[in-house]
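Letter by letter, the chains look like this.
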Amino acid sequence: MRQYQALIEVAESIIAHRDLNSLLQELKKRLGALVNIDGAHVVLHDAKENVMRRYVLKSASQQGESLIAELPMYEAPSGLVWQTQQPLLINDLDAYQDRFARVISVMRESGLNTAYLLPLTSLDRKLGTVIFISRQKDAWSDDDRSVLQQATKLVALAVDNVVNFESARAAETELKRRLEQLRLLLAVGKSVASHLDLRKLIEIISDYVRKTLQCDAVWMALRDSEPDYMRVYALDPTFDVDARSGEGRRFPLEGTFAAKVLATFETLLLTREDLENSPSPFVRSIAAQGIHSGCLAPLISQGRGLGVVSMTSRRENAFTNEDAELFTQIAGQLAIAVDNALNFERARDAEAEAKRKSERLQMLLEINNALVSQLSLRELVRAISTTLRATMGYDSATVGLYDAETNQLRAYVFDLPENIQPIEEGTVIPLEGSVGGRAMESSEPVFINRADRARAHSEFDLRIVEGGIRSAGVLPLMAHGRKLGLLGVLSFREDAFPAADQELLGHVAKQIAIAVENALAFHEIETLKNKLTSEKLYLEDEIRTEHNFEELIGFSSAFKRILKQVETVAPTESAVLIRGETGTGKELLARAIHNLSARSERSLVKINCAAIPTGLIESELFGHEKGAFTGAITQRIGRFELAHKGTLFLDEVGDIPLELQPKLLRVLQEQEFERLGSTRTQKVDVRLIAATNCDLEQMVNDKKYRSDLYYRLNVFPITIPPLRERREDIPALVRFFAQRYGQRLKKRIDTISNGAMAALTDYYWPGNVRELQHFIERAVILSQGRDLEVSMSELKPVEQSSPASPLTPKSRLSTLEAAEREHIKRALEESNWVIGGPNGAAARLGLKRTTLQSRMQKLGIVRAGS
């Protein structure tokens, strides 16, 4: 009767309890008066995973706390009871050791010796198993077990009620959660439909997600232009992160969880250990900032992985699989917005790019128009500089021309800003160590978007940087493999040269290179045209002169010595100084040297320095620019330019004014000069032959001639003796001139009388060969037959000339020269032709060694056999 009373009380307890834990507490209390039990447990069957899971484990004595909470069906005694629906009494632990090893081991460790397992079934619904445990062996009699069976039936009803109640509550919670998710998805959908600004969209979605999924931040990363990189595109503004991982941060895809998500198109839950142990430095940097869990979902649109969206939390294991599923749906909607926004940005960028291309095409058209309309390279570069500044916003465009012979860059047009010191045209710009040098050496453009003093390795670059320039582009000007110069573009802004502008400037540089080549070719053609015009006039002048000897005539030893000197010096590039009296044939000798040299194919340009007014000789030598002085109405090319690659013959070089001599010395030494009225340096390649009848040594001593110029001219002196000192050459010269003028005057001269020839040979000839030439021309004119008629009255011997004769001074001078020659010869013979030293000829004569050598050259004194 007590048992039934207890069961009634159990039933009443079941009605009053909806919590299974409190129910078992009450059950233990009520049954404890009838049956000795140490604990009661409910093990429910999990149909989804097919395991037996201990649902309630509670007793007054806390016995059985260490029992296994979850076991597979085949390992759990409760699973056997659930399957067979038959009670199972375990009072001999050894009997069940092999079959339920884990459970038996736990019972031994807990000091339990008896367990009674009863199926928990309600209305044919198999719920699980009730387990009663005791420390005693054979703890319960048959009546006890009957009471436990009856109590179990009541417990089954209670468990069914509780399970149903909890299921209903869970269903209600799930329904509420689903409603919240639907509201979230609806809000996200509305935001996606109304926003094209992804940054603003992330801010709105982050607010929704934080409220629903309890996260701290939402951020999005999209694929970069390089396929192996991603860029943080939009970041939740409420989340404080290190700038290194903030918006705009570009990071490599390899080793990141984003790479895995984009490869599998599956959402990934991340734990603290995942973040901290990631091989990606970027991911580890996020973990170091306090992020302990995350959920990463792919952004997929039309089968393309656009990027990833992530929600993160400072809590560990903050997100469940259900959260991941919802976040995946949000990512699906966000992917549509991303795709739309990217398409919109592409369309906007395409429109902007089309506009930029149109502007640049217009710029290229303007540059091309400048190319075809400007023949002046200087004006062309200025026009291009103006166009570049107006179209591309640059502050300066400059052009330097390259001199391959000297490997130097010279400023041509440097359109610099006002705050940078101007650079004069023609200034040499060092290439070594400079940005221009790198571009010239590599033949590739060099761009610097953040110029500073540390990067300026040359004085010129430092000058530009100190002027405020922060971006610079230097592009080589190349045409047909030839280096023409450099185009420089400068800006006060940093990062002024993006890739598109660099490509455009490459096209501009090619156009400018063509223009430079054309302008240089045009300049060269104009120069050659002017030179040809000058040469034509010069040659016409030459044709009109009577000094165009066709060959050198002479057989004397002195004359042969001169020819030997000409043969020796002609192949060299050395300067030659020809000395001799007027009319001895200095110009003819200069022509012979030129004809035997490597420059014979080019012009021999001559200028008589004594025949040009002092004020005009500089213009004649070096040329002048238009407007250089009054009367300079056009540009004029000087004789040095005219003789480029040829030979320049300066006759009467002793008459060059003292103030002009330094400039002449410079062009002889440096092969460069400036025209009158110009600052541009002209380079020439000229061989110089000079001639004079002056005593330059005496002029140097008298400070009337620069010694350095004299030494520069007197590299290889040749002295032509007067005709009276090589009389054996006179017969040959007479025959040559008679035949020449006979042909010109259409007269045949066959004979010259012995008397006439003797008179011609004995005559003093103060005018030398020139006088003989004109005398024979006059004789040919007067001759009526084939005999040359010579006016003997004009050929009086020196001793028969009257004191009043104009030849008398010359005769006396000749006698003094002859006496001087004989005196010097005697001194040389006495000293065995030793010139220097205490016993040399110079000491005997009381002269300096150099003065004696100069006298010997002037008088044509040489040792016999030399």
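Figured I'd write up the structure that's included with this text.

Quick notes on the rules
Within every chain, residues take consecutive numbers counted from 1 along the sequence as written. In view of the model being predicted, local features appear only for residues whose pLDDT reaches at least 70, and side-chain atom pairs are presented and counted only at 80 or more, with totals across whole chains, interfaces and linings using the full set of residues. With hydrogens and water excluded, all non-hydrogen atoms of the structure serve as input to the side-chain values. Labels follow the DSSP assignment, with helices taken as runs of H or I lasting at least four residues and strands as runs of E lasting at least two, numbered in each case from the N terminus. The definition of a polar contact used here is a pair of N or O atoms within 3.5 Å, where within protein one atom must be able to donate a hydrogen and the other to accept one, and adjacent residues in sequence count solely through side-chain atom pairs. With a 1.4 Å probe rolled over the protein chains alone, any residue whose accessible area is under 20% of its type maximum counts as buried; one over 50% counts as exposed, and the rest are partly exposed. Here the rule is simple: two strands pair whenever DSSP picks up at least two bridges between them. Under this scheme, a helix contributes an axis fitted over its contacting stretch, all axes are lines through C-alpha atoms, and angles between N-to-C directions fall in the 0 to 180 degree range. To pair, rings of Phe, Tyr and Trp, with the six-membered ring standing in for Trp, must have centres within 6.5 Å; the planes then decide the type, stacked if under 30 degrees apart, edge-to-face if over 60, and tilted in the middle. Each ring is checked for a lysine NZ or an arginine CZ that lies within 6 Å of its centre and within 35 degrees of its normal; such an atom marks a charge sitting over the ring. Here a salt bridge means any side-chain nitrogen of Lys or Arg lying within 4 Å of a carboxyl oxygen belonging to Asp or Glu.

**Examining the side chain of Glu672**
Residue position: Glu672 is located in strand E24 (residues 672-674). Side-chain polar atoms of Glu672 contact the side chain of Arg666, separated by 3.2 Å.

**Remarks on the pairing of strand E7 (residues 217-223)**
Across the seven residues that make up E7, a large majority, six, are buried. Sheet topology places E7 next to strand E12 (residues 304-313); six bridges connect them, and they run antiparallel. Considered in E12, the bridge of Met220 is made with Val309. Sheet topology note: the E7/strand E8 (residues 229-235) ladder contains five bridges and is antiparallel. For Arg223, the partnering residue across the bridge sits in E8 and is Met230. Taking the residues between adjacent antiparallel strands as the criterion, E7 and E8 are bridged by five residues.

**A short note on the sheet that holds E8**
Taken in spatial order, the six strands of this open sheet run E9-E8-E7-E12-E11-E10, and their pairing is antiparallel. Edge strands, defined here as strands with exactly one partner in the open sheet, are strand E9 (250-252) and strand E10 (268-270). Sheet twist, expressed as the average angle between the axes of neighbouring strands with direction ignored, equals 30°.

**Let's talk about the packing of aromatic side chains**
Counted according to the given criterion, the structure contains nine aromatic pairs. Considering the side-chain rings of Trp765 and Phe775, the 5.7 Å spacing of their centres and the 75° angle between planes classify their relative orientation as edge-to-face. With Trp765 in the loop between helix H23 (754-762) and helix H24 (768-782) and Phe775 in helix H24, the pair connects residues that are 10 residues apart, well separated along the chain. A relative accessible area of 6% places Phe775 in the buried class. An aromatic cluster is defined as three or more aromatic residues linked by ring pairs; in this entry it consists of Phe622, Phe640 and Phe673. A cation sits over an aromatic face here: Lys126 above Trp82, 4.3 Å from the ring centre.

**Section: the sheet that holds strand E26 (residues 687-692)**
Read from one edge of the open sheet, five strands run E20-E23-E26-E19-E27, paired in parallel fashion. Two strands in the sheet have a free side with no partner beyond their single neighbour: strand E20 (604-608) and strand E27 (716-719). Sheet twist, expressed as the average angle between the axes of neighbouring strands with direction ignored, equals 20°. By the bridge criterion, four bridges tie strand E23 (residues 647-651) to E26 in an arrangement that is parallel. Within the sheet, the bridge partner assigned to Thr647 lies in E26 and is Arg687.

**Considering the environment of Glu322**
Looking at the element boundaries, Glu322 is found in helix H10 (residues 321-373). Classification of Glu322 as partly exposed rests on a relative accessible area of 39%. Along the chain, Glu322 and Leu213 lie 109 residues apart, while their C-alpha atoms are 9.9 Å from each other.

**Examining the pattern of salt bridges**
Under the counting rule described, the total for this entry stands at 31 salt bridges. The salt bridge partner of Arg579 is Glu697, with a shortest N-O separation of 2.6 Å. Residue Arg579 is found in strand E19 (residues 576-579), and its partner Glu697 is found in helix H20 (residues 696-701); the two are separated by 118 residues along the sequence. Exposure class is identical for Arg579 and Glu697. Each is buried. Lys663 serves as the salt-bridge partner of Glu618, at 2.9 Å between the closest nitrogen and oxygen. Residue Glu618 is located in helix H17 (residues 617-622), and its partner Lys663 is located in helix H19 (residues 661-670); the two are separated by 45 residues in the primary sequence. Taking relative accessible area as the criterion, Glu618 reaches 23% and is therefore assigned partly exposed.

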